[in-house]
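Here is how the chains run, residue by residue.
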Amino acid sequence: MNSSIFKQKSSYWRVFALCFFTAVLLFLPHCIIDAAAGGGYFHYAGDFNDQQINFYQYANAFLKHGGSFSWATDLGSGFVNAYSFYLLGSPFFWLSMLLPARLMPWAMVPLLCLKMAVAGGGGYLWARRWVRDDTWSMLAGCLYAFSGFSIYNIFFNHFLDVVALFPYMLAALDDAAIDGKKGCFPFWVALNLVDNYFFFAGQAVFLIIYFFCMVAGRRYKIGPRKFALLAWETVLGCACGCVLLLPAGLSLLQNPRTIDPFTGYGYLFYGKSQQYGAIFYSAFLMPDAPYFKDMFQEGILKHTSLTAYLPLVGAAGGLAFCRARGRHPFTYILKVCVVCAFVPVLNSAFYALNASYYARWYYMPILVLCGATCYLLSRPALAERKLPRAFRLTSFITLTAAVFAFVPNKDEDGNFKLGLLDEPARFWAVFGVTVLGIVIFALLWHFCRQKRQWGSIMTAAVLGFSLVYGTLHLSLTKYAQWDVDSDLIAETYGSTQEISAALPEDTFYRLDAYGAHNNLGLWFDRSCLQFFNSTVAPSIMEFYPEVGVKRDVNSKPDAENYGLRGLLSVRYTLVAKDKEDEWTEKALPGWQRSGETAAYAIYENENWVPMGFTYDYYVTADQLDRVSETERAQILCRALLLNEDQVSAFDTLLQPLPDEELTNRSEDAYAADCAARRAGAVAEFTATDTGFTAHTNYDTDELVFFGVPYDDGFTATVNGAPAGVEKVDDGLMAVYAPAGENEIEFTYHTPGLKLAAGINAAALVLYGVYLAILRKKSREDKQNHAEPC
């Protein structure tokens, strides 16, 4: 620890520029390839293409237009809760709001470059306290910015927001705990919390580990007064950043994906032994594409961010540091994190003890690993003694990965094959570039470590090698899906005007898609059954499994579940041109080709039912349980699912569905049910940015059904008077309407947002007062010191 380093001129902007332009060089060739292929903007693979690009464009347009309820998000969801995990609190997203929504696809790469630059600068600011020389602190920032974790998570994009901002919070904690600096820590706590509440939960756990390891290593000397001050600033920062936390928390408590506890041995052991091997090698080999599994096929490995790789230097510096400085806080931190990685319940502590496996907290110990590595390298005598042995060990471990290519094995037919790898060529590319890094580092160590510019040489080498291994990783991830994604822009961004011209705008309806890319609804600003977002309205997660649709991170109802289309007011299906033969072979009832665009054949649903309609019958849960899940939607087109209390309340409006009707599930019966629902449709339905309105004119009292996800944020009025919102069909909504003309209005207010905003505003005022007091005290102290004795 060298507090005197802060008296030196900061190299922050040098690190920022180095990381930014290195990132530019990393992405530029791929941008050129996309442009040359007629694709326009850079597109990557998987989540980046299906979520990140269109989320940014859609959210940009939605916020500028204003509103609270997003119809284009699955079956409809509150905007704040649907997008606060992805981008709503990100300062990088809000910076992009300066641009028109249509330019957002082109802004993704500049934003990625900016995030890597901010990450590198933050890593430098944190490391310069702990690393002897400013040049080596710069290297620490560069290692962090281009670690395997950062390169891997380009795929997820918004994860890099967290990577970028975290070092500043850690540096502010050091400043407060060691130097007694007040006022900055709450700001960074608030910014990290508002940026991403999910990752902040893991950051809180890591900060506790970091704090106690620093105390144990005697770097933090904390008395009761300083501890109380840190606690105060922590609470203040959380209060200043809670504006999205409370609404998201209320929503997540109802989301079954967040309630997945361990049982029995699951607390202590991973279900597949290969998980341990994957965790072990994650620090020694550069990461493969997020959606591939090479060395290990069993276990939870895809999309988990399982990598702790540092370009060129690998884990050698960290191992040498731990041997050389056994009682240093960094050693304690790294050892604790290794234990956490291998014990399921400790790993999941970074995710509220959820049993789903992720390694998305690794960026935090990676930052410490970068600091430890550069701490060692900045001390030549220490490095001479400890690094060679650690380097030989890491080299040996890395080389042992080649064994997986030569182990005797059998294929699916029982025939002999050599190796355990699915794609040997891909493995050898990853392995070869990793070994290349080892060789380069060995040569630099041998020939350059005595040179005066050793630190600068290493920084240049790390950035250069980051281009090499980063290019390989981007290529493996991007071009492996090149055929799948070659029509991405044509089917999404390029089709918006054609689709708008081809489809009517006179009434509300939903879309479906077949053989197309995810989240078309966001591009066309319409609700679409095929949707990819894991934080939609919780009632969607409740409704879909009851009608035979698996709902985890996305909604993908099978085309054969045709009854669902009538129930949910789906009027058109966009069929990708190359999948039209496959679609027509299914011969689904009620669909007729009504038009086409350059990318799609458009099929219209003859059994379309407008949004908002009535029933003659109700069905109970016991009755519906006798029907297979995949056919329940057909019954729900005939009868409304009510619970016992609702049956008692509305038995005069609806008749019980006869049991014999449960077996009548023919295509003709479905068509007749849809015709009956159309006959009972509301006179007018209008979707708004805050919910919807409907005009009814029935001869008798009715319970009017709307295929909209139930949400506690909805309130309803009928003719201006408050009305109860009924949760029906295991997650959708209905409201009672008396006979005659009625104006029904559903208004959505994000639950908890008003309270959270009030707390946030009060906390910001308090923070401002706190800063003013600190500034006044600082001025007084300077005046006192300036007075002569």
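A few points on the structure. Computed from a predicted model, the values in this text were never measured in an experiment. (Residues numbered from 1 in each chain as written. Predicted model: local features only at pLDDT ≥ 70, side-chain atom pairs only at ≥ 80, totals over all residues. Heavy atoms only, no water.)

## Looking at the sheet that holds strand β13 (residues 655-656)
Spatially, the three strands line up as an open sheet ordered β12-β11-β13, and their pairing is parallel. The open sheet has two edge strands with one neighbour each: β12 (639-641) and β13. Looking at chain direction, strand β11 (residues 617-619) and β12 are connected through three bridges and run parallel. Pairing of Tyr617 across the sheet is with Ala639, part of β12. (Pairing = 2+ DSSP bridges. Helix = DSSP H or I, 4+ residues; strand = E, 2+ residues; numbered from the N terminus.)

## Here's the deal with helix α1 (residues 12-36)
Helix length check: α1, at 25 residues, gives a terminal C-alpha distance of 36 Å against a target of 36 Å (1.5 Å per residue), a fit within 8%. Considering bend angle alone, the principal kink of α1 is centred on Phe27 and spans about 35 degrees; proline Pro29 follows within four residues of it. Here α1 has its buried residues at Tyr12, Val15, Phe16, Cys19, Thr22, Ala23, Leu26, Phe27, His30 and Asp34. Those residues of α1 that are buried lie in contact with α5 (104-127), α6 (134-145), α7 (148-152), α8 (159-179), α20 (454-478) and α21 (482-485). (Expected span 1.5 Å × (residues − 1). Bend = angle between axes of the 7 residues up to and from the residue. Buried < 20%, exposed > 50% of the residue type's maximum accessible area, 1.4 Å probe, protein only. Contact = heavy atoms within 4.5 Å.)

## Structural notes on the side chain of Ser282
You can see Ser282 is positioned in the loop between α13 (274-281) and α14 (316-324). Beyond its immediate stretch of four places on either side in the chain, Ser282 contacts Leu306, Thr307, Ala308, Tyr309 and Tyr362.

## Regarding the packing of α1 against α6
The N-to-C vectors of α1 and α6 enclose an angle of 35 degrees; their axes lie 10 Å apart at closest approach. Relative to α6, α1 is oriented so that their crossing is right-handed. Counted together, Arg14, Val15, Leu18 and Cys19 of α1 and Met138, Cys142 and Ala145 of α6 form the full contact between these two elements. Among the residues making up the contact of α1 with α6, the classes are represented as six nonpolar, no polar and one charged. (Axes fitted to C-alpha atoms, helices over the stretch in contact; angles between N-to-C directions. Left-handed = near helix turned anticlockwise from the far one by under 90°. Nonpolar A, V, L, I, M, F, W, Y, C, P; charged D, E, K, R; others polar.)

## A word on the pattern of salt bridges
Enumeration over the complete set of coordinates arrives at 24 salt bridges. Close ionic contact of Asp288 with Arg426 constitutes a salt bridge, the shortest N to O distance being 3.1 Å. Within this pair, whereas Asp288 is found in the loop between α13 and α14, its partner Arg426 is found in helix α19 (residues 424-448), the two being separated by 138 residues in sequence. In this structure, Asp288 and Arg426 share a single accessibility class: buried. (Salt bridge = Lys/Arg side-chain N within 4 Å of Asp/Glu carboxyl O.)

## Topic: the pairing of strand β21 (residues 740-748)
Judged from the eight bridges that link them, strand β15 (residues 691-698) and β21 form a sheet pairing that is antiparallel. Bridge assignment links Thr693 to a residue of β21, and that residue is Glu745. Here strand β17 (residues 714-718) pairs with β21 via five bridges, running antiparallel. Looking at β21, one finds that Ala716 is bridged to Phe746.

## So, a negative patch on the surface
A surface patch of negative charge is lined by Asp578, Asp581, Glu582 and Glu585. Along the polypeptide, Glu585 turns up in helix α27 (residues 580-585). With a relative accessible area of 68%, Glu585 lands in the exposed category. (Patch = residues over 30% accessible without salt bridge, like charges linked within 9 Å, V, L, I, M, F, W, Y side chains within 5 Å. Areas by Shrake-Rupley, 256 points an atom, 1.4 Å probe, with all protein chains shown as cover. Lys, Arg positive; Asp, Glu negative; His and termini not counted. Charge placed at Lys NZ, Arg CZ, Asp CG, Glu CD.)

## Some points on α13
Side chains that are three or four residues apart share a direction in an α-helix, a result of its 3.6 residues per turn. Among the residues making up α13, those that are buried are Gln275, Gly277, Ala278, Ile279 and Tyr281. Buried residues along α13 sit in contact with α15 (329-342) and α18 (380-400).

## Details of the sheet that holds strand β16 (residues 702-706)
Across the sheet, which stays open at both edges, the three strands sit in the order β16-β20-β19 with antiparallel pairing between neighbours. Of all strands in the sheet, those bounded by a partner on one side alone are β16 and β19 (725-728). Strand after strand, the sheet turns through a mean of 35 degrees between neighbouring axes, direction not considered.

## Some remarks on the packing of aromatic side chains
Scanning the model with the defined rule gives 94 aromatic pairs in all. Here Trp71 and Phe692 contribute two aromatic rings whose centre-to-centre distance is 6.0 Å and whose plane-to-plane angle is 65 degrees, an arrangement assigned as edge-to-face. Of the two residues, Trp71 is situated in the loop between β1 (69-70) and β2 (77-78) and Phe692 in strand β15; the sequence distance between them amounts to 621 residues. For the pair Trp71 and Phe692, one class covers both residues: buried. Note on Phe427 and Phe431: the rings are 5.7 Å apart at their centroids and 20 degrees apart in plane angle, and the pair reads as stacked. Remark: Phe431 and Phe427 occur in helix α19; sequence separation between them is four residues, near one turn of the helix. Taking the ring centre of Phe156 as reference, the NZ or CZ of Arg360 above it sits at 4.8 Å. The ring of Tyr375 carries the charged tip of Arg379 above its face, separated from the ring centre by 3.7 Å. (Phe/Tyr/Trp six-rings, centres within 6.5 Å; stacked < 30°, edge-to-face > 60°. Lys NZ or Arg CZ within 6 Å of the ring centre and 35° of its normal.)

## With respect to the state of the cysteines
Within this structure, the stated rule accounts for zero disulfides. With no disulfide of its own, Cys31 has Cys113 as its nearest cysteine by sulfur position, at a separation of 7.8 Å. The cysteine Cys322 is free of any disulfide, with Cys337 supplying the nearest cysteine sulfur at 11 Å. (Disulfide = S-S within 2.5 Å.)

## Notes on unusual backbone geometry
The phi dihedral of Ser305 is positive, around 60 degrees, even though this residue is not glycine. Residue position: Ser305 is located in the loop between α13 and α14. Although it is not a glycine, Asn719 adopts a positive phi angle of roughly 55 degrees.

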